[in-house]
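Per-entry structural report
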Amino acid sequence: MTFKEMILQGIPDHLPSKKSRDDKYSHAPKRKDILTPTEKKLAIANALRYFPASWHAVLIEEFIEELKLYGRIYMYRFMPDYEMYARPIHEYPAVSKQAAAIMLMIQNNLDPAVAQHPQELITYGGNGAVFQNWAQYLITMKYLDQITDTQSLHMYSGHPMGIFPSSIDAPRVVVTNGMMIPNYSKPEDWERYNAMGVTQYGQMTAGSYMYIGPQGIVHGTTITVMNAFRKKLGAGVSPHGKIFLTAGLGGMSGAQPKAGNIAGCITVCAEVNSAAAKKRYAQGWVDQLTENIDELIVMVKNAVADKAVVSIAYVGNVIDVWERFDTENITVDLGSDQTSLHNPWAGGYYPVGLSFEEANEMMANHPEQFKTAVQVSLRRHAEVINKHTAKGTYFFDYGNAFLLEASRAGGAVMSENKIDFRYPSYVQDILGPMCFDYGFGPFRWVCTSGSGADLKLTDQIAATVLESMLVDAPASIAQQLQDNITWIKEAEKNKLVVGSKARILYADAEGRAKIASAFNDAIAKGDITAPIVIGRDHHDVSGTDSPYRETSNIYDGSKFTADMSIHNVIGDSFRGATWVSIHNGGGVGWGEVSNGGFGLVLDGTAASKTKLESMLFYDVNNGIARRAWARNTGSLEAIEREMKRSPNLTVTIPNLVDENLLQHIQ
Ligand SMILES: NC(=O)c1ccc[n+]([C@@H]2O[C@H](COP(=O)([O-])OP(=O)(O)OC[C@H]3O[C@@H](n4cnc5c(N)ncnc54)[C@H](O)[C@@H]3O)[C@@H](O)[C@H]2O)c1
């Protein structure tokens, strides 16, 4: 059968032969055995409802086995036989071009070169699922093949509920992931209801079909490192020969050395897992590697003397590096940490004084002892960071719960008021006030032709647009624009594409709309050979309510509300998005964040121009308005500027209260 025929059949007419999972891929960890016997029956019945009753006797044993072995029912038997990757759009059988673009995006999220655990349909973050099982994938692809431009497909946590009549202006697909009644939104609930097959953790861009591989992280990390140096050294001072010390060479953390190189500093990145460190070294994501701390000291001293731009991986515990740098009096200009402290007891953080193997053994066989070792280590970690910050290091939390877990362990990381942490998070100090408050966020696009020439042309178009904006830009955003011009001009050289022909570029509301509009014109003229999908990471200005990350620099008490992300998804859906999504969880965890995103297919028509202008305007300015109402200075400036530019925009502006008036309130 051809690829097209296999897509068209959805669930096959005949029971395919049994398949087992392939060891050449990374697989999701075994999930908790959490279901009661009654719930297990439900899980099996839920899985069987995708298939004709005549197959149930065979499938039931298999699904019981999968549930027992893996804690979930993935339905490996139904994995497709064709290769999984983003094909050029014309290879997808589909009535609707928009739907074909979505098929391409789904296959990219499941491409083994892109996805973390491809056979469990997990794109990234350990549990960021596109679908819960292969039946959902097969039915969804068939539905996307048949859907017309006056219908919408509704996706419930990976399950294709159905195609409903709508209109040409409606989204083709509406996605929800993990939406729960708030009282049922604890991590245990995710384990239970996901095992039953009724919900999934969509992370951010996994369940919304908008993941584009590691370049998204590299760009965000570069912006963070670059601006952290500006905070520390002052604008315009070169970070050559200055040290950024951090930990982690894993999934996201592995972007740190590359970002440090682009920012122009010396990056020292400790990684306890030698396989992870060596993998990043072999991939060229870090320049040098050493397993010997004495050698590291020599390398670093030489690099400082040479004012070098270099990244060095040290195979070992990061605390050893912090402590040795302290005794050697090596100045650390910038410090952070990207160990996986959102998961401290199950391998996210390795305690000092134990080898990697010893720690793994203790974790499996003596979990209580391991927990104590982690807490002792965190206290020591905090103490040595405090020594460095007393000497001038600028330390920031990288959204990995380092400060939270260090404080829980009794580490000295609280400020004098005993409420706030002593150090800021990267969103509080950098991404929030410098980027999100002005509307700068991770805009991205995918060339559905799959052509490198198209991607190159989009890079050039985007650079030209940003350069024209820089001419009259206010001083407050000129630096951001300049950084983004540099990024896009060097993007091709930095060889960041994995999977679909995609690009990420931080841009504000005006920039996003102007770039998208210029792409649309180029498609109309035939210079770009096929439609372009535009979208963004959910880690952005408006799409995400997350009190410890995206909205951590909201100080009016509203950071625990989720109105902004809900307005965003509704607002985008009737302004022209081709698909919209809203998720519970993502990044910081189930129950901790509400996040949403969109995809919009540009096809060169006047209709797509109208949609992009209306939707991108709202997609960014919704968040700026909310941030302005929270009295964030940058957003107040940005929204006033937008109201001048856009006469039909009226935003409620806060009256600022003199702090002295509030002093006497007890
Ligand atoms: N990069 C970003 O943009 C970003 C944004 C927000 C949050 N984060 C957070 O950063 C963390 C890391 O993410 P990831 O995908 O890289 O996770 P990961 O688990 O793939 O990598 C973390 C690495 O840290 C190493 N490690 C653990 N303890 C160590 C120690 N004491 N010394 C040296 N190395 C140690 C582990 O071996 C592992 O390879 C997560 O908590 C994530 O949520 C990252």
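Reading the values: the criteria
Residues numbered from 1 in each chain as written. Predicted model: local features only at pLDDT ≥ 70, side-chain atom pairs only at ≥ 80, totals over all residues. Heavy atoms only, no water. Core = buried A, V, L, I, M, F, W, Y, C linked by side-chain atoms within 4.5 Å. Buried < 20%, exposed > 50% of the residue type's maximum accessible area, 1.4 Å probe, protein only. Helix = DSSP H or I, 4+ residues; strand = E, 2+ residues; numbered from the N terminus. Near = heavy atom within 4 Å. Areas by Shrake-Rupley, 256 points an atom, 1.4 Å probe, with all protein chains shown as cover. Nonpolar A, V, L, I, M, F, W, Y, C, P; charged D, E, K, R; others polar. Patch = residues over 30% accessible without salt bridge, like charges linked within 9 Å, V, L, I, M, F, W, Y side chains within 5 Å. Salt bridge = Lys/Arg side-chain N within 4 Å of Asp/Glu carboxyl O. Arc of directions from axis to C-beta. Polar contact = N/O pair within 3.5 Å; in protein donor to acceptor, adjacent residues only side chain to side chain. Lys, Arg positive; Asp, Glu negative; His and termini not counted.

1. Details of the nonpolar core
- Ranked by size, the top nonpolar core spans 138 residues in total, and within it Phe-51, Ile-106, Tyr-137, Trp-445 and Ile-534 carry the most contacts.
- Looking at which element gives the most residues to this core, the answer is helix 4 (residues 97-110), with nine residues.
- One finds Ala-382, Val-384, Leu-403 and Tyr-423 within the second-largest nonpolar core, a separate group that totals 45 residues.

2. Considerations on unusual backbone geometry
- Although it is not a glycine, Ser-157 sits at a positive phi angle of roughly 45 degrees.
- For Ser-157, the location among the structural elements is in the loop between strand 3 (151-156) and strand 4 (159-165).
- The residue Arg-631 is not glycine, and still its phi comes out positive at about 75 degrees.
- The residue Arg-631 is located in the loop between helix 20 (606-629) and helix 21 (633-645) in this model.

3. Examining the site of the ligand
- The ligand sits among 25 residues. The nearest are Gly-251, Ser-253, Glu-271, Ser-340 and His-342.
- Protein burial of the ligand: of its 860 Å² of free accessible surface, 88% is covered by the chains.
- In the shell around the ligand, the residues fall into nine nonpolar, 14 polar and two charged.

4. Details of a nonpolar patch on the surface
- Taken together, the side chains of Met-179, Ile-566, Ile-570 and Phe-574 present a nonpolar region at the surface, about 380 Å² in accessible area.
- Its location among the elements puts Ile-566 in helix 19 (residues 563-573).
- Taking relative accessible area as the criterion, Ile-566 reaches 33% and is therefore assigned partly exposed.

5. Overview of helix 11 (residues 318-327)
- All buried positions along helix 11 are accounted for by Val-318, Ile-319, Val-321, Trp-322, Phe-325 and Asp-326. Buried residues of helix 11, seen end-on, are gathered within an arc of 160 degrees and therefore sit on one face of the element.
- If you check the start of helix 11, you find a side-chain oxygen 3.0 Å away from the backbone N of Ile-319, and it comes from Asn-317.

6. Considerations on the side chain of Asp-111
- Counting through the fold element by element, Asp-111 comes out in the loop between helix 4 and strand 1 (122-124).
- Buried charged residue Asp-111 carries no salt bridge. Nearest counter-charge: Arg-87, at 8.5 Å.
- Polar side-chain contacts of Asp-111 include one of 2.8 Å to the backbone nitrogen of Ala-113.

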